[in-house]
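Here is how the chains run, residue by residue.
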Amino acid sequence: MLQGIATNGFFVFAPAPLNNAFASFLAGAPAFFLQGGGDLSRGLRGNNLNFYGQDTYKITSRLTLNAGLRYDLPFPYTEIHNRQNLFEPGVQSVVFPNAPPGLVYPGDPGVPAGLIQTEKNAFAPRVGLAWDPTGSGRWLVTMAYGIFYEPYYTGQGGPLQTPISAPPFLQTPQLNFPNFSDPFNGVNPFNESFAQPMTLLTLDKNLRLPYAQDWNLNVQRSFGADWLFEIGYVGTKGTKLPRFIEGNPAVFVPGASTEDNVNERRLYSGCTLADPAAACNYASVGLIAGIANSNYNAMEVSLRKRFAHGLSVLASYTLSKTIDDVSSFNITGSASQSVAGENDLAQNPFNLSAERGRSMFDARHRLVISYNWNLPFWNHPQSWYQHVLGSWQANGITTFMSGTPFTVYDSQDVSLQGGAPEISGFSSNRPDLSGNPNSGPRTPQEWFNTSAFQRLDPVAQAGQFGNEGRNVVEGPGYQQWDFSLFKDIPIKESKRLQFRAEFFNVFNHPNFRLPDNDISSPTFGQIQEALPGRLVQLALKFLF
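Residues numbered from 1 in each chain as written. Predicted model: local features only at pLDDT ≥ 70, side-chain atom pairs only at ≥ 80, totals over all residues. Heavy atoms only, no water.

**A short note on the state of the cysteines**
The full count for this structure, using the stated rule, is one disulfide. Between C271 and C280 runs a disulfide, and the two sulfur atoms are separated by 2.0 Å. Where C271 bonds to C280 through sulfur, the torsion about that S-S bond is close to 75°, and the disulfide is right-handed. Looking at C271, the relative accessible area reads 8%, which means it is buried. On the basis of relative accessible area, C280 is assigned to the buried category, the value being 0%. (Disulfide = S-S within 2.5 Å. Buried < 20%, exposed > 50% of the residue type's maximum accessible area, 1.4 Å probe, protein only.)

What follows is the structure, encoded as structure tokens:
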């Protein structure tokens, strides 16, 4: 397996040293540069054992119990030559005695081959009840509860980045305010045993299996020949969910902190403000930590007409709220702009609890109506026009959804925390909030109340963090009408042509993307993009 992180290298431009990121780009003045290089070959091994048993017991003719137990035993990924590492500040490796303090490897005391301990108590019970309260078959009450583990540390997603960013096998030096034409000034940093200052991406040694607890209560009532009404409550709680954290944060020193000495101010950089930047062992250290939590609660209502007399209909409404500490995991990579208004990096690495807020996908209201109708006209045609106008099927899906939230950021590094390109390519600084951001005009020119935000003064308030919470601004809602017409044209008994006319967003309703959420941007608060407009698609299928 060949893997690499930022092997092509990349620059990040910010409103520093100039007051505009694009101006910094035009002037060739990047904020920092990151590149990975070295031995890209890896041999990864992983195993996962599972057991599951369940039973169904009919307590009475109207009450049924279903119970089960699942056991998960996922083993953390190993590398055949132990080419991966952990970050333990101050600990000297005995496997690599020449490694700077903080880098430890499989074989070091307390470091297993998979870097973290194997979790052996992942028992996941689940139970469900179904009750017919009247015995008529018209009513049904169901309830269920279960625990579900996610074998995250077996290598799915982020943890697989650990063996591809492990020095000295593969190194990712990070340079602040580098020379744009030659970041390494003619020196190959990958010839050395340990490039300095190095950027790490690895696991928190205390990473554990994340799990979710799900529960629900539903009541169903059938009426008529083919109608079903259902209302229910659904809840989910996520625990020990993975997130990125800065494992080597910078400390603000009044009167001595600048954007140029971020690494010298980091807790575990191996250098001080009295040392040159080249003396630092570490720059940013990205850790994958299982410390995030989430909560989801929803009321779900649906009305269904089963297919009969050529017609079926389903209408579903959800009223929900979801809260978490972070909604994404490596959603942007090292991109210079946020995706869906989310940042994997916390604003204040010393106050992660301040990140708790609405989830980036928290759409409070959602209504979906779908239908399928075989038009009752000339289904047994006799004349030519009946052949043309008969045997049509109409289908549609209509969706209404309230907007999802996002966060306003300041791309200027007022807090002087520096960058963490292995986690995110843009700043996680936030401004102060002094009003209601959702009282804005709701126009593409100004979607939210931009005057509700106040930028921190980079001089008078240097080293401080804005008081804006996470995901406090609501984005545009969503409305989509999709419609289609199908017609089958028989050729022989087992062969037919099907003509399809499909109309997506048939009314060409504008569905805006999120507005510009960088308070330093000249287009702050403006909507720059929208989802596709009306799309018409015609097709002819031969079925046999």
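**Some words on the environment of G463**
Mapped onto the secondary structure, G463 falls in the loop between strand 22 (453–454) and strand 23 (473–474). For G463, a relative accessible area of 17% gives the class buried. Sequence separation of G463 and Q417 is 46 residues, and the distance between their C-alpha atoms is 7.8 Å. Contact partners of G463, with chain neighbours within four places excluded, come to F252, V414 and S415. (Helix = DSSP H or I, 4+ residues; strand = E, 2+ residues; numbered from the N terminus. Contact = heavy atoms within 4.5 Å.)

**Focus on the pairing of strand 5 (residues 63–79)**
Where strand 4 (residues 44–60) and strand 5 come together, 15 bridges link them in antiparallel fashion. Counterpart to N47 in the pairing with strand 5 is F75. Turn length for the strand 4-strand 5 hairpin, with the two strands adjacent in sequence and antiparallel, is two residues. Relative to strand 8 (residues 122–131), strand 5 runs antiparallel, the two sharing 10 bridges. Opposite N66, over in strand 8, you have G128 as the bridge partner. (Pairing = 2+ DSSP bridges.)

**Focus on the side chain of S312**
Relative to the helices and strands, S312 is located in strand 16 (residues 311–324). Using a relative accessible area of 19% as the deciding quantity, one classes S312 as buried. Excluding residues within four positions of it along the chain, S312 makes contact with K305, R306, F307, S370, Y371 and N372.

**What to know about the sheet that holds strand 11 (residues 174–176)**
Across the sheet, which stays open at both edges, the three strands sit in the order 1-2-11 with antiparallel pairing between neighbours. Because the sheet does not close on itself, it has two edges, and the strands there are strand 1 (10–12) and strand 11. For this sheet the average axis-to-axis angle between neighbouring strands, irrespective of direction, equals 15°. (Axes fitted to C-alpha atoms, helices over the stretch in contact; angles between N-to-C directions.)

**Looking at the packing of aromatic side chains**
With the rule as written, the count across this model stands at 25 aromatic pairs. Centroid distance F96 to F169: 5.6 Å. Interplanar angle 80°. Geometry classified as edge-to-face. You can see F96 sitting in the loop between strand 6 (86–87) and strand 7 (103–104) and its partner F169 sitting in the loop between strand 9 (139–149) and strand 10 (170–171), a full 73 residues away along the chain. With relative accessibility at 22%, the residue F96 sits in the partly exposed group. Judged by its relative accessible area of 16%, F169 falls in the buried class. Aromatic rings pair up to connect F11, F13, F22, F25, F33, F180 and F184 into one cluster. (Phe/Tyr/Trp six-rings, centres within 6.5 Å; stacked < 30°, edge-to-face > 60°.)

**Here's the deal with a nonpolar patch on the surface**
Taken together, the side chains of F223, F229, I231, M299, L303 and L319 define a hydrophobic patch exposed on the protein surface, amounting to about 430 Å² of accessible area. If you list the elements that add at least two residues to the nonpolar patch, you get strand 14 (227–246) and strand 15 (282–308). On the secondary structure map, M299 appears in strand 15. For M299, a relative accessible area of 32% gives the class partly exposed. (Patch = residues over 30% accessible without salt bridge, like charges linked within 9 Å, V, L, I, M, F, W, Y side chains within 5 Å. Areas by Shrake-Rupley, 256 points an atom, 1.4 Å probe, with all protein chains shown as cover. Salt bridge = Lys/Arg side-chain N within 4 Å of Asp/Glu carboxyl O.)

**Concerning the pairing of strand 16**
Note that strand 15 and strand 16 share 13 bridges and pair antiparallel. Directly across from N295, in strand 16, lies its bridge partner I323. Between strand 15 and strand 16, which pair antiparallel in sequence order, lie two residues; one of them, H309, sits at a positive phi of approximately 55°. Summarising the sheet, strand 16 and strand 18 (residues 365–374) pair through nine bridges and their orientation is antiparallel. Looking across to strand 18, one finds that V313 is bridged to Y371.

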